[in-house]
Amino acid sequence: MIADIGMLSLTMALLLAVYTATAALYGGWKGRWTWVESARNASVMIFFMLTISVVAVVYSLVRLDLSLAYVSEVSSRATSLFLRVTALWGGQRGSILFWAWLMSAFLAAVAIRKWDTDRVLMPYVIGVATLTTGFFIWLVVFVANPFARMWVVPGSDEIVKAVLPPRGATPFIPVDGQGLNPLLRHFGMIGHPPTAYVGFTGFVIPYAFAVAALITGQSRSDAWIRTTRRWTLVAWLFLSIGLLLGGRWAYDVLGWGGFWGWDPVENAMLMPWLTGTAFLHSVMITEKRGMLKVWSVVLIILTYLLVIFGTFITRTGLVSSVHAFAKSSLGLPFFVFIGIMFLGSFTLLLKRLDTLRSEHEMESFLSREAVFLFQNMLFLAITVAVFWGTVFPMISELVTGERITVGPPYFDKVTGPMFAALVLLMGVAPLFAWRKQAARTLGKALWGPFAVATLIAVVLGFWQRMHPAAAFGIWLVIFVALTTLLEFWKGMKARMTVRKEHPLEALVNLIARNRRRYGGYIVHLAVVMMALGVIGDGYFQKETQAPLRVGQTLSLQGYTIRFDGLRQYMGSDGREVLEAQVSLFKGDEFVRVLRPRRDYFIVQQQPVTIPATHTTLAGDVYVLLVGWEEITASSATFKIYWNPLIIWMWSGGIMLIVGTLIAWWPTRAARREVSYVLRPGAMRPQPSSGG
Amino acid sequence: MTTQVAVNTTARAFPKRWKFLVGTLVILAAVLYLIVTATTENAQYYLTVEEVVERQTALGDRIIRVSGAVVGETIRYDPQTLELTFTIAHMPGDPSEIDEAGGLAAAIRAAVNNPDAPRLRIYYKGPKPDLLRPEAAAIVTGRLGEDGVFYADEVLFKCPTRYDEAPPAGAAQEG
């Protein structure tokens, strides 16, 4: 019954989407504003309809309506209430509906914004965003419907999943469901899809504005960039959080001591993040100097296409991957949709190239504009390299007939130097003046950080006998951290001398008065911290393993673990837990008790190895229980990783969120400008207001 | 007067544009060089068990990647030494062939139950992966030893019943 209502509202949403896109684009084309207004209202209705569908799926999951195929795929009697709710995005059918719903929320939010100043864009923004939303609703209805039921067809032992019964079929209701994939029952994997999807769908809004600006010729002025700045930041922030949560999940659950494996699914998320980051920077130059306009538009188009491509990769498993969403019938529709959007976007861009002329000429290599241009190139180059590595198996199979893959070493080797160059640019860019920078003043500003960083890196490098690349990494991190901190110090000093402010007061005011700039610098510092985590993980990780009897010890990096015993008990969510108790010592001093464990999910017959970690600023002691004596439980095998500096990855992540929020926080002027009240009257055509 | 100015700007703009063009080309060349060398250095053949068994000697010391179906009763794991061995059976590598076989789960079952399917013994030292189980799809990366055993540096597993759209009724028992 509830599922029927959900299916009905889903169908309504699809019809509304078709209507909205048609009415908006037709209204915009013919200048019929009543059509556009109607489309605007309809687009808000799509959100309401999808909300009903989402509520229906969640309700069915919570009540365990096993007549629905999706419920039996991701939920079971043993599944807790919380996990039943999160199962909405635990499988393919639900997650695509969830994607469409989030997208429709963005669409509704953009529809009800105040359109007084830029209403010429409105029909196309709504039209383009609705086309994307509509595509996903179509997928939900026809390809991956969460309201599909299971049917037994006479004369066949196969179970058919469909909304409408095949001829002569009888409904099939299983006794219990499969339950959520145990590997996904972790805060990182529960928070990862929603944040990643908000990030993915959020980027559709700036894309829609860019396309609308191109269609209307408004791309001549860069107003669309100012309008979408905060939308872009929200999308970027959530995509970043999604990446971080995914990494944290891998670190906590997959038990190989790392957080990034260059898996196709990870790459699929990283690529739009890369182009999105480049876009965020590129638009600054477009906004301030009227340059890099083509870059900005190309970057947002690429980000959008990579978002769709990323959804395609993660949801279809076309590229083989540890992330085990199997291939499905989604492939062809995605391919066609990406193709259409690609051709459409770039044709439009070429037709409107004249509106994107640069207002100034690049004057010197030593200028902020040039540095931004190079960072755009680097971001794009990294994206191309990652894309190449991700699709290489498919390409090689098409061309040579043999499937050839490139593993993580490829990605490390190619992107490592480019990321290093990017971090370097990030450190020096704020010191570059617009237009032209005198080399002398630049040298003056940089020699201090350069000398300090070089000294530390050389001493540390020799003392610790580091790999040259690792020593260079350390140099880079110190150098960039210093130049960035120096920017804060310069601003603080000015306030302290001119306004006689206390240092802390000066810092707070400095950031509060220039949120975009210093929020950005805080993000830069966060990136430096994360770079430290990456260097630690890449160059200084150590590991050891040994079987231990009760009372025996194993040492690594000055730490010693002593095996104290094993115990077994029934955990929540239908798991049998085997837990080892281990005492951790630093030198001879007792630090704490660690409990690495192995959860066995009975219904799924799935073991999950959960590491126990002791975190310090220098590094994590990461202990895994990898084997044990079955009967006596008197002996067990442990693997210990020393993961240096990894805490900097996660704390850098939190700092990145803080910095982005500061940069995003509206100033008072902006707050007045933006009103979310739905006032259809305000958008009637007013003669000659000059858009 | 006006022409003079115009000539001047182009004269000044030209070398600048050249400079940027050269700069861009240098970056482009560096990036291409990186991509090409890293690709050739790290290219691994992704083969099926049958292809590995056929080419055995031709493979030499190359690092390759093989996929196959895990034969349940062959899994041996020594928790003391962390030595893991198991056998994988040939299954089709082409997605369309897997589709023809009735999906990944069915393709794996057919591979494991076919006594004539080429098989490959895998040796791996390390913690037993959580996803290793009978009738899992394995993707192993490593070298083929002279003794015909495949020495893996990395093993990955995919369990079709978990994520595929397999009938849930049987799934709980199938494992």
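Below: a short report on this structure. (Residues numbered from 1 in each chain as written. Chains lettered and ligands numbered in written order. Predicted model: local features only at pLDDT ≥ 70, side-chain atom pairs only at ≥ 80, totals over all residues. Heavy atoms only, no water.)

**Topic: the overall build of chain A**
The helix and strand inventory of chain A stands at 20 helices and 14 strands. Taken over the C-alpha trace, chain A has a radius of gyration of 27 Å; the compact-globule value for 691 residues is 26 Å, and the two agree within 12%. Across the 691 residues in chain A, those meeting the buried criterion constitute 59%. Residue pairs in contact within chain A that sit at least 24 positions apart in sequence constitute 69% of those at least 6 positions apart. Accessible area of chain A: about 28,500 Å², with a carbon and sulfur share of 66%. Taken together, the 60 basic and 38 acidic charged side chains of chain A have centroids lying 11 Å from each other. (Helix = DSSP H or I, 4+ residues; strand = E, 2+ residues; numbered from the N terminus. Rg over C-alpha atoms; globule rule 2.2 N^0.38 Å. Buried < 20%, exposed > 50% of the residue type's maximum accessible area, 1.4 Å probe, protein only. Contact = heavy atoms within 4.5 Å. Areas by Shrake-Rupley, 256 points an atom, 1.4 Å probe, with all protein chains shown as cover. Lys, Arg positive; Asp, Glu negative; His and termini not counted. Charge placed at Lys NZ, Arg CZ, Asp CG, Glu CD.)

**Quick look at the pairing of strand β1 (residues 149-152) of chain A**
All names here are of chain A. For β1 and strand β2 (residues 159-162), the ladder comprises 4 bridges, and the chain directions are antiparallel. Residue R149 lies in a different strand from β2, and its bridge partner there is A162. With 2 bridges joining them, β1 and strand β3 (residues 170-171) adopt antiparallel strand pairing. Looking across to β3, one finds that W151 is bridged to P171. (Pairing = 2+ DSSP bridges.)

**Here's the deal with helix α7 (residues 187-202) of chain A**
When the terminal C-alpha atoms of α7 of chain A are compared, their 22 Å separation across 16 residues agrees well with the 22 Å that a helix rising 1.5 Å per residue should span. Of all the 16 residues making up α7 of chain A, 15 are buried; the element is thus mostly covered by neighbouring parts of the structure. (Expected span 1.5 Å × (residues − 1).)

**Let's talk about the packing of helix α16 (residues 468-498) of chain A against helix α17 (residues 503-513) of chain A**
Think of two packed helices as two axes; the pair is described by the angle between the axes and how far apart they sit. Residues and elements named next belong to chain A. One way to put it is that α16 packs onto α17 with a least axis distance of 9 Å and a crossing angle of 110°. On the basis of their axis angle, the class for α16 and α17 is roughly perpendicular. For the pair α16 and α17, the sense of crossing is right-handed. Judged by residue contacts, F488, G491, M492, R495 and M496 of α16 engage P503, A506, L507, N509, L510, I511 and R513 from α17. In the contact of α16 with α17, the residues fall into 8 nonpolar, 2 polar and 2 charged. (Axes fitted to C-alpha atoms, helices over the stretch in contact; angles between N-to-C directions. Parallel < 35°, antiparallel > 145°, perpendicular 65-115°, else oblique. Left-handed = near helix turned anticlockwise from the far one by under 90°. Nonpolar A, V, L, I, M, F, W, Y, C, P; charged D, E, K, R; others polar.)

**Focus: a nonpolar patch on the surface**
All names here are of chain B. On the surface, W18, L21, V22, L25, V26, L28 and L32 cluster together into a nonpolar patch covering about 700 Å² of accessible area. Mapping V22 onto the fold places it in helix α1 (residues 2-42). Relative accessible area serves as the criterion here: at 43%, V22 is assigned to the partly exposed category. (Patch = residues over 30% accessible without salt bridge, like charges linked within 9 Å, V, L, I, M, F, W, Y side chains within 5 Å. Salt bridge = Lys/Arg side-chain N within 4 Å of Asp/Glu carboxyl O.)

**Some words on the sheet that holds β2 of chain A**
Spatially, β2-β1-β3 (chain A) is the arrangement adopted by the 3 strands of the open sheet, whose pairing is antiparallel. Edge positions in the sheet fall to β2 and β3 of chain A, since each has one partner strand and no second.

**Quick word on the nonpolar core**
The biggest cluster of nonpolar side chains holds 191 residues, and the ones touching the most others in it are L10, F136, I137, W224 and M418 of chain A. A per-element tally of this core places helix α13 (residues 368-400) of chain A first, with 14 residues. Ranked by size, the runner-up nonpolar core spans 32 residues in total, among them L183 and L184 of chain A together with L84 and F86 of chain B. (Core = buried A, V, L, I, M, F, W, Y, C linked by side-chain atoms within 4.5 Å.)

**Details of the packing of aromatic side chains**
Residue and element names in this part refer to chain A. All told, the structure shown has 42 aromatic pairs over all chains when counted by the stated rule. For the pair W388 and F392, a centre-to-centre distance of 5.1 Å together with 55° between the ring planes defines the contact as tilted. Taken together, the residues span about one helical turn, with W388 and F392 both in helix α13 at a distance of 4 residues. Here W388 falls in the partly exposed class, since its relative accessible area comes to 28%. Its relative accessible area of 10% is what places F392 among the buried residues. One aromatic cluster in this structure is built from W99, F135, F136, F309, F312, F334, F337 and F387. (Phe/Tyr/Trp six-rings, centres within 6.5 Å; stacked < 30°, edge-to-face > 60°.)

**Re unusual backbone geometry**
You will see that L645 of chain A, though not glycine, has its phi angle at about 60°, which is positive. Within the fold, L645 of chain A resides in the loop between β14 (635-644) and α19 (647-664). A positive phi angle is found at L82 of chain B, which is not glycine, with a value near 60°. Its location among the elements puts L82 of chain B in the loop between β3 (76-78) and β4 (83-89).

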